[in-house]
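Working through the structure, step by step
The primary structure of each chain is shown beneath.
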Amino acid sequence: MKKILVTGATGQIGSELTIALRSRYGAENVLAAGHKRPALGELMQSGPFCCLDVRDLPAINQVVEANNIDTIFHLAALLSAVGEEKPQQAWDVNMNGLSNVLEISRLHHCALFFPSSIAAFGPETPPMDTPQDTIQRPTTIYGITKVSGELLCDYYYHRFGVDTRGLRYPGLISSKAPPGGGTTDYAVDIFYAAIKTQHYDCFLRADTQLDMMYMPDAIAAALNMMTADSRQLRHRNAFNVTAMSFTPQQLAAEIQKHIPGFTISYSVDPLRQAIADSWPRHMNDSAARAEWGWQAQFDLPAMVKDMLEKITLNSL
Ligand code: VAH
(Lines give C-alpha, C1' and ligand atoms only; values in the text may rest on other atoms or scores of the structure.)
Protein backbone atom coordinates (compact mmCIF):
# COMPACT_ATOMS: atom_id res chain seq x y z
CA MET A 1 0.00 0.00 0.00
CA LYS A 2 1.69 3.25 -1.02
CA LYS A 3 -0.98 5.68 -2.30
CA ILE A 4 -4.35 5.27 -0.64
CA LEU A 5 -7.81 6.71 -1.35
CA VAL A 6 -10.48 6.63 1.38
CA THR A 7 -14.02 7.25 0.13
CA GLY A 8 -16.60 8.19 2.75
CA ALA A 9 -13.69 9.59 4.73
CA THR A 10 -15.88 11.97 6.73
CA GLY A 11 -18.03 9.15 8.11
CA GLN A 12 -17.83 7.23 11.39
CA ILE A 13 -15.24 4.68 10.16
CA GLY A 14 -13.59 6.87 7.53
CA SER A 15 -12.71 9.74 9.84
CA GLU A 16 -10.73 7.44 12.18
CA LEU A 17 -9.39 5.08 9.52
CA THR A 18 -7.95 7.99 7.54
CA ILE A 19 -6.01 9.26 10.57
CA ALA A 20 -4.71 5.74 11.31
CA LEU A 21 -3.63 5.25 7.68
CA ARG A 22 -1.89 8.63 7.63
CA SER A 23 0.10 7.84 10.73
CA ARG A 24 1.16 4.46 9.28
CA TYR A 25 1.76 5.38 5.61
CA GLY A 26 2.42 9.13 5.68
CA ALA A 27 -0.21 11.86 5.54
CA GLU A 28 0.62 12.87 1.96
CA ASN A 29 -0.02 9.28 0.82
CA VAL A 30 -3.61 9.07 2.10
CA LEU A 31 -6.20 11.06 0.13
CA ALA A 32 -9.49 11.51 2.01
CA ALA A 33 -12.59 11.87 -0.16
CA GLY A 34 -16.10 12.85 0.85
CA HIS A 35 -19.28 13.95 -0.93
CA LYS A 36 -19.01 17.27 0.88
CA ARG A 37 -16.17 19.24 2.47
CA PRO A 38 -16.30 18.83 6.26
CA ALA A 39 -15.62 21.58 8.76
CA LEU A 40 -11.98 22.08 9.55
CA GLY A 41 -10.74 19.43 11.95
CA GLU A 42 -8.14 16.68 12.39
CA LEU A 43 -9.18 15.01 9.11
CA MET A 44 -8.78 18.20 7.08
CA GLN A 45 -5.69 19.46 8.88
CA SER A 46 -3.78 16.15 8.75
CA GLY A 47 -3.63 15.57 5.00
CA PRO A 48 -5.16 15.95 1.50
CA PHE A 49 -8.94 15.97 0.93
CA CYS A 50 -11.09 16.02 -2.21
CA CYS A 51 -14.84 16.18 -2.80
CA LEU A 52 -15.94 13.04 -4.64
CA ASP A 53 -19.34 11.55 -5.49
CA VAL A 54 -18.80 7.78 -5.86
CA ARG A 55 -21.66 7.70 -8.38
CA ASP A 56 -19.44 9.72 -10.77
CA LEU A 57 -17.20 7.17 -12.53
CA PRO A 58 -15.10 9.68 -14.53
CA ALA A 59 -14.45 11.68 -11.36
CA ILE A 60 -13.20 8.59 -9.50
CA ASN A 61 -11.03 7.71 -12.50
CA GLN A 62 -9.53 11.22 -12.55
CA VAL A 63 -8.75 11.14 -8.79
CA VAL A 64 -7.18 7.66 -8.95
CA GLU A 65 -5.11 8.48 -12.05
CA ALA A 66 -3.94 11.91 -10.86
CA ASN A 67 -2.84 10.54 -7.48
CA ASN A 68 -1.45 7.13 -8.62
CA ILE A 69 -3.76 5.41 -6.14
CA ASP A 70 -2.95 1.71 -5.54
CA THR A 71 -5.38 0.98 -2.69
CA ILE A 72 -8.96 2.11 -2.10
CA PHE A 73 -10.81 1.86 1.22
CA HIS A 74 -14.38 2.27 -0.05
CA LEU A 75 -16.52 3.39 2.89
CA ALA A 76 -19.06 5.66 1.17
CA ALA A 77 -22.56 4.27 1.85
CA LEU A 78 -25.97 5.03 3.33
CA LEU A 79 -26.50 3.08 6.57
CA SER A 80 -29.43 0.88 7.62
CA ALA A 81 -31.98 3.27 9.13
CA VAL A 82 -31.40 6.17 6.74
CA GLY A 83 -31.41 3.65 3.87
CA GLU A 84 -34.94 2.59 4.75
CA GLU A 85 -36.07 6.21 4.43
CA LYS A 86 -34.58 6.54 0.92
CA PRO A 87 -34.04 3.04 -0.51
CA GLN A 88 -33.50 4.15 -4.13
CA GLN A 89 -30.73 6.53 -3.09
CA ALA A 90 -29.24 3.83 -0.85
CA TRP A 91 -29.11 1.43 -3.82
CA ASP A 92 -27.66 4.14 -6.08
CA VAL A 93 -24.88 5.20 -3.69
CA ASN A 94 -24.13 1.79 -2.16
CA MET A 95 -24.29 -0.33 -5.34
CA ASN A 96 -23.49 2.00 -8.25
CA GLY A 97 -20.81 3.57 -6.08
CA LEU A 98 -19.25 0.18 -5.36
CA SER A 99 -19.57 -0.92 -8.98
CA ASN A 100 -17.74 2.24 -10.09
CA VAL A 101 -14.97 1.78 -7.55
CA LEU A 102 -14.56 -1.87 -8.58
CA GLU A 103 -14.30 -0.89 -12.26
CA ILE A 104 -11.66 1.75 -11.47
CA SER A 105 -9.81 -0.76 -9.26
CA ARG A 106 -9.83 -3.19 -12.20
CA LEU A 107 -8.56 -0.57 -14.69
CA HIS A 108 -5.85 0.79 -12.38
CA HIS A 109 -4.92 -2.42 -10.54
CA CYS A 110 -5.93 -1.11 -7.11
CA ALA A 111 -6.55 -3.27 -4.05
CA LEU A 112 -10.00 -2.62 -2.59
CA PHE A 113 -11.37 -2.74 0.98
CA PHE A 114 -15.15 -3.18 1.27
CA PRO A 115 -16.95 -2.96 4.64
CA SER A 116 -19.79 -5.43 4.83
CA SER A 117 -21.91 -5.77 7.96
CA ILE A 118 -24.00 -8.03 10.17
CA ALA A 119 -26.76 -6.39 8.15
CA ALA A 120 -25.83 -8.79 5.31
CA PHE A 121 -27.66 -11.47 7.33
CA GLY A 122 -31.44 -11.73 7.77
CA PRO A 123 -34.17 -13.27 9.98
CA GLU A 124 -33.49 -16.81 8.66
CA THR A 125 -29.78 -16.61 9.53
CA PRO A 126 -28.84 -18.56 12.72
CA PRO A 127 -28.75 -15.69 15.30
CA MET A 128 -26.27 -17.17 17.76
CA ASP A 129 -22.72 -18.20 16.80
CA THR A 130 -23.64 -17.08 13.24
CA PRO A 131 -21.43 -19.12 10.88
CA GLN A 132 -19.04 -17.55 8.36
CA ASP A 133 -20.88 -19.38 5.58
CA THR A 134 -24.67 -19.40 6.07
CA ILE A 135 -27.99 -18.22 4.63
CA GLN A 136 -28.11 -14.50 3.82
CA ARG A 137 -31.58 -13.06 3.09
CA PRO A 138 -31.43 -9.53 4.54
CA THR A 139 -34.68 -7.56 4.73
CA THR A 140 -33.22 -4.02 4.59
CA ILE A 141 -32.00 -2.23 1.46
CA TYR A 142 -28.72 -1.62 3.31
CA GLY A 143 -28.35 -5.36 3.97
CA ILE A 144 -29.27 -6.17 0.34
CA THR A 145 -26.52 -3.80 -0.84
CA LYS A 146 -24.08 -5.40 1.59
CA VAL A 147 -24.68 -9.00 0.52
CA SER A 148 -24.73 -7.89 -3.15
CA GLY A 149 -21.49 -6.01 -2.51
CA GLU A 150 -19.86 -9.12 -1.05
CA LEU A 151 -20.83 -11.09 -4.18
CA LEU A 152 -19.71 -8.32 -6.57
CA CYS A 153 -16.32 -8.08 -4.83
CA ASP A 154 -15.96 -11.87 -5.05
CA TYR A 155 -16.80 -11.66 -8.78
CA TYR A 156 -14.17 -9.00 -9.46
CA TYR A 157 -11.58 -11.11 -7.67
CA HIS A 158 -12.35 -14.35 -9.50
CA ARG A 159 -13.19 -12.83 -12.92
CA PHE A 160 -10.59 -10.01 -13.12
CA GLY A 161 -8.09 -10.74 -10.34
CA VAL A 162 -8.87 -7.51 -8.45
CA ASP A 163 -7.47 -7.80 -4.90
CA THR A 164 -10.79 -7.23 -3.13
CA ARG A 165 -11.06 -7.81 0.62
CA GLY A 166 -13.85 -7.12 3.12
CA LEU A 167 -15.12 -7.52 6.68
CA ARG A 168 -18.61 -8.04 8.10
CA TYR A 169 -18.51 -5.43 10.85
CA PRO A 170 -20.90 -5.42 13.81
CA GLY A 171 -22.17 -2.16 15.29
CA LEU A 172 -19.21 0.20 15.75
CA ILE A 173 -18.65 2.45 18.73
CA SER A 174 -16.43 5.50 18.35
CA SER A 175 -15.61 8.76 20.10
CA LYS A 176 -14.52 10.92 17.13
CA ALA A 177 -17.18 11.23 14.40
CA PRO A 178 -20.88 10.76 15.22
CA PRO A 179 -22.57 7.75 13.58
CA GLY A 180 -24.68 8.57 10.54
CA GLY A 181 -28.14 7.03 10.55
CA GLY A 182 -27.54 3.48 11.67
CA THR A 183 -29.50 1.13 13.90
CA THR A 184 -26.61 0.68 16.32
CA ASP A 185 -26.15 4.44 16.78
CA TYR A 186 -27.70 4.17 20.28
CA ALA A 187 -24.46 2.56 21.49
CA VAL A 188 -22.62 5.81 20.69
CA ASP A 189 -25.33 8.37 21.52
CA ILE A 190 -25.72 6.89 25.03
CA PHE A 191 -22.21 7.98 26.05
CA TYR A 192 -22.77 11.63 25.11
CA ALA A 193 -26.13 11.62 26.93
CA ALA A 194 -24.60 9.96 30.01
CA ILE A 195 -21.95 12.68 30.29
CA LYS A 196 -24.22 15.60 29.32
CA THR A 197 -27.49 14.83 31.13
CA GLN A 198 -26.89 11.51 32.98
CA HIS A 199 -29.96 10.10 31.18
CA TYR A 200 -30.53 8.38 27.84
CA ASP A 201 -33.82 7.53 26.12
CA CYS A 202 -32.99 4.46 24.01
CA PHE A 203 -34.72 3.74 20.68
CA LEU A 204 -34.19 -0.03 20.96
CA ARG A 205 -35.75 -2.44 23.48
CA ALA A 206 -33.73 -3.11 26.66
CA ASP A 207 -33.10 -6.74 25.70
CA THR A 208 -31.95 -6.17 22.07
CA GLN A 209 -28.68 -8.08 21.92
CA LEU A 210 -26.32 -7.12 19.06
CA ASP A 211 -22.70 -7.72 18.13
CA MET A 212 -20.53 -4.64 18.68
CA MET A 213 -16.91 -3.51 18.32
CA TYR A 214 -14.88 -0.53 19.51
CA MET A 215 -13.46 1.59 16.66
CA PRO A 216 -9.75 0.97 17.47
CA ASP A 217 -10.41 -2.76 16.94
CA ALA A 218 -12.36 -2.04 13.72
CA ILE A 219 -9.45 -0.01 12.34
CA ALA A 220 -6.89 -2.66 13.32
CA ALA A 221 -9.02 -5.35 11.68
CA ALA A 222 -9.13 -3.43 8.37
CA LEU A 223 -5.38 -2.71 8.35
CA ASN A 224 -4.34 -6.23 9.39
CA MET A 225 -6.67 -7.93 6.91
CA MET A 226 -5.52 -5.66 4.04
CA THR A 227 -1.86 -6.46 4.72
CA ALA A 228 -2.39 -10.19 5.28
CA ASP A 229 -0.96 -12.75 2.85
CA SER A 230 -3.54 -12.94 0.05
CA ARG A 231 -2.93 -16.70 -0.32
CA GLN A 232 -4.29 -17.26 3.22
CA LEU A 233 -7.61 -15.54 2.55
CA ARG A 234 -10.22 -18.18 1.72
CA HIS A 235 -13.14 -15.88 2.65
CA ARG A 236 -11.47 -12.65 1.47
CA ASN A 237 -14.58 -10.48 1.00
CA ALA A 238 -16.74 -10.99 4.00
CA PHE A 239 -14.98 -12.07 7.17
CA ASN A 240 -17.22 -12.14 10.24
CA VAL A 241 -15.46 -10.05 12.90
CA THR A 242 -16.80 -9.17 16.32
CA ALA A 243 -15.56 -8.19 19.77
CA MET A 244 -18.54 -8.21 22.12
CA SER A 245 -22.29 -8.69 22.16
CA PHE A 246 -24.55 -6.78 24.52
CA THR A 247 -27.99 -5.28 25.10
CA PRO A 248 -28.80 -1.63 25.86
CA GLN A 249 -29.53 -2.73 29.44
CA GLN A 250 -26.07 -4.31 29.81
CA LEU A 251 -24.37 -1.27 28.28
CA ALA A 252 -26.25 1.05 30.66
CA ALA A 253 -25.22 -1.08 33.65
CA GLU A 254 -21.56 -0.85 32.62
CA ILE A 255 -21.83 2.95 32.26
CA GLN A 256 -23.46 3.16 35.71
CA LYS A 257 -20.28 1.67 37.20
CA HIS A 258 -18.59 4.96 36.16
CA ILE A 259 -21.60 7.34 36.45
CA PRO A 260 -23.74 5.94 39.29
CA GLY A 261 -26.51 8.47 38.72
CA PHE A 262 -26.95 7.53 35.06
CA THR A 263 -30.44 6.33 34.11
CA ILE A 264 -31.92 4.88 30.88
CA SER A 265 -35.48 4.84 29.53
CA TYR A 266 -36.87 3.22 26.37
CA SER A 267 -38.92 4.84 23.57
CA VAL A 268 -38.72 2.09 20.96
CA ASP A 269 -38.49 3.18 17.31
CA PRO A 270 -40.42 0.45 15.43
CA LEU A 271 -38.31 0.85 12.25
CA ARG A 272 -34.94 0.48 13.93
CA GLN A 273 -36.25 -2.22 16.29
CA ALA A 274 -37.43 -4.26 13.30
CA ILE A 275 -34.03 -3.82 11.63
CA ALA A 276 -32.16 -4.88 14.79
CA ASP A 277 -34.47 -7.88 15.26
CA SER A 278 -33.55 -9.10 11.75
CA TRP A 279 -29.83 -9.23 12.56
CA PRO A 280 -27.84 -11.96 14.34
CA ARG A 281 -27.01 -11.68 18.05
CA HIS A 282 -23.44 -12.96 17.94
CA MET A 283 -21.26 -13.96 14.98
CA ASN A 284 -18.68 -16.74 14.86
CA ASP A 285 -15.44 -15.06 13.74
CA SER A 286 -13.21 -18.15 13.74
CA ALA A 287 -12.46 -17.83 10.00
CA ALA A 288 -10.90 -14.37 10.52
CA ARG A 289 -8.89 -15.69 13.48
CA ALA A 290 -7.64 -18.65 11.46
CA GLU A 291 -6.97 -16.95 8.11
CA TRP A 292 -5.33 -13.66 9.24
CA GLY A 293 -5.02 -13.72 13.03
CA TRP A 294 -7.98 -11.54 14.03
CA GLN A 295 -8.20 -10.86 17.78
CA ALA A 296 -10.23 -8.08 19.40
CA GLN A 297 -8.50 -6.04 22.13
CA PHE A 298 -11.53 -4.26 23.68
CA ASP A 299 -14.33 -5.97 25.61
CA LEU A 300 -17.36 -4.16 27.09
CA PRO A 301 -15.70 -2.87 30.31
CA ALA A 302 -12.55 -1.72 28.49
CA MET A 303 -14.56 0.02 25.74
CA VAL A 304 -16.87 1.86 28.21
CA LYS A 305 -13.91 3.07 30.30
CA ASP A 306 -12.04 4.34 27.23
CA MET A 307 -15.11 5.94 25.61
CA LEU A 308 -16.03 7.89 28.78
CA GLU A 309 -12.43 9.06 29.21
CA LYS A 310 -12.14 10.17 25.56
CA ILE A 311 -15.51 11.96 25.40
CA THR A 312 -14.93 13.70 28.73
CA LEU A 313 -11.51 14.83 27.48
CA ASN A 314 -12.96 16.04 24.14
CA SER A 315 -15.69 18.00 25.91
CA LEU A 316 -13.24 19.93 28.11
C1 VAH B 1 -25.91 0.50 10.97
N2 VAH B 1 -23.81 1.07 12.08
O3 VAH B 1 -26.42 0.52 12.09
C4 VAH B 1 -24.38 0.37 10.91
C5 VAH B 1 -23.91 -1.07 10.94
C6 VAH B 1 -24.17 -3.33 11.95
C7 VAH B 1 -24.70 -1.96 11.86
O8 VAH B 1 -23.78 -1.63 9.69
O9 VAH B 1 -26.54 0.58 9.95
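Preceding this section is the structure that the text describes.
A brief look at the structure comes next. From a predicted model like this one, the values you see are computed outputs, not experimental measurements.

**Quick look at the site of the ligand**
- Within the structure, the ligand sits among Leu79, Ser80, Ser117, Ile118, Tyr142, Pro170, Gly171, Gly182, Thr183, Thr184 and Trp279.
- Within the contact set of the ligand, an oxygen atom lies 2.6 Å away from a backbone nitrogen or oxygen of Thr183.
- A total of 280 Å² of accessible area belongs to the ligand in isolation, and the protein chains cover 94% of it.
- Residues of the shell around the ligand, tallied by class, amount to five nonpolar, six polar and no charged.
- Shared between two domains, the shell around the ligand takes at least three residues from each, and those domains are domain 1 (4-170 + 214-240) and domain 2 (172-211 + 243-282 + 297-315).

**Describing the pairing of strand β9 (residues 199-202)**
- The side-chain alternation of β9 yields one buried face, formed by Tyr200 and Cys202, and one unburied face, formed by His199 and Asp201.
- Pairing geometry for β9 and strand β13 (residues 263-266), over four bridges, is parallel. For Tyr200, the partnering residue across the bridge sits in β13 and is Ile264.

**Focus: the nonpolar core**
- Counting residues in hydrophobic clusters, the biggest one holds 37 residues, and the most contacted among them are Leu17, Leu21, Phe73, Phe113, Leu167, Tyr169 and Trp292.
- Counting residues per element, the ones that place at least two in this core are β1 (4-7), α1 (12-25), β2 (30-34), α2 (42-45), β5 (111-117), β7 (164-169), α8 (215-226) and α11 (286-292).
- The element best represented in this core is α8, accounting for eight residues.
- In this structure Phe113 touches Ile72, Phe73, His74, Leu75, Arg165, Gly166, Leu167, Tyr169, Ala222, Met225 and Met226, once residues within four positions along its chain are discounted.

**Topic: α8**
- In this model, α8 (twelve residues) spans 17 Å end to end at C-alpha, consistent with the 16 Å of a helix rising 1.5 Å per residue.
- Among the twelve residues of α8, nine are classified as buried, and the element is accordingly described as predominantly covered.
- Of the positions making up α8, those classed as buried are Met215, Asp217, Ala218, Ile219, Ala221, Ala222, Leu223, Met225 and Met226.

**Details of the state of the cysteines**
- Considering all chains together, one arrives at zero disulfides under this definition.
- In this model Cys153 remains outside any disulfide bridge; the closest cysteine sulfur is found in Cys110, 13 Å from its own.

Conventions adopted
- Residues numbered from 1 in each chain as written.
- Predicted model: local features only at pLDDT ≥ 70, side-chain atom pairs only at ≥ 80, totals over all residues.
- Heavy atoms only, no water.
- Near = heavy atom within 4 Å.
- Polar contact = N/O pair within 3.5 Å; in protein donor to acceptor, adjacent residues only side chain to side chain.
- Areas by Shrake-Rupley, 256 points an atom, 1.4 Å probe, with all protein chains shown as cover.
- Nonpolar A, V, L, I, M, F, W, Y, C, P; charged D, E, K, R; others polar.
- Domains from an automatic or database assignment.
- Buried < 20%, exposed > 50% of the residue type's maximum accessible area, 1.4 Å probe, protein only.
- Helix = DSSP H or I, 4+ residues; strand = E, 2+ residues; numbered from the N terminus.
- Pairing = 2+ DSSP bridges.
- Core = buried A, V, L, I, M, F, W, Y, C linked by side-chain atoms within 4.5 Å.
- Contact = heavy atoms within 4.5 Å.
- Expected span 1.5 Å × (residues − 1).
- Disulfide = S-S within 2.5 Å.

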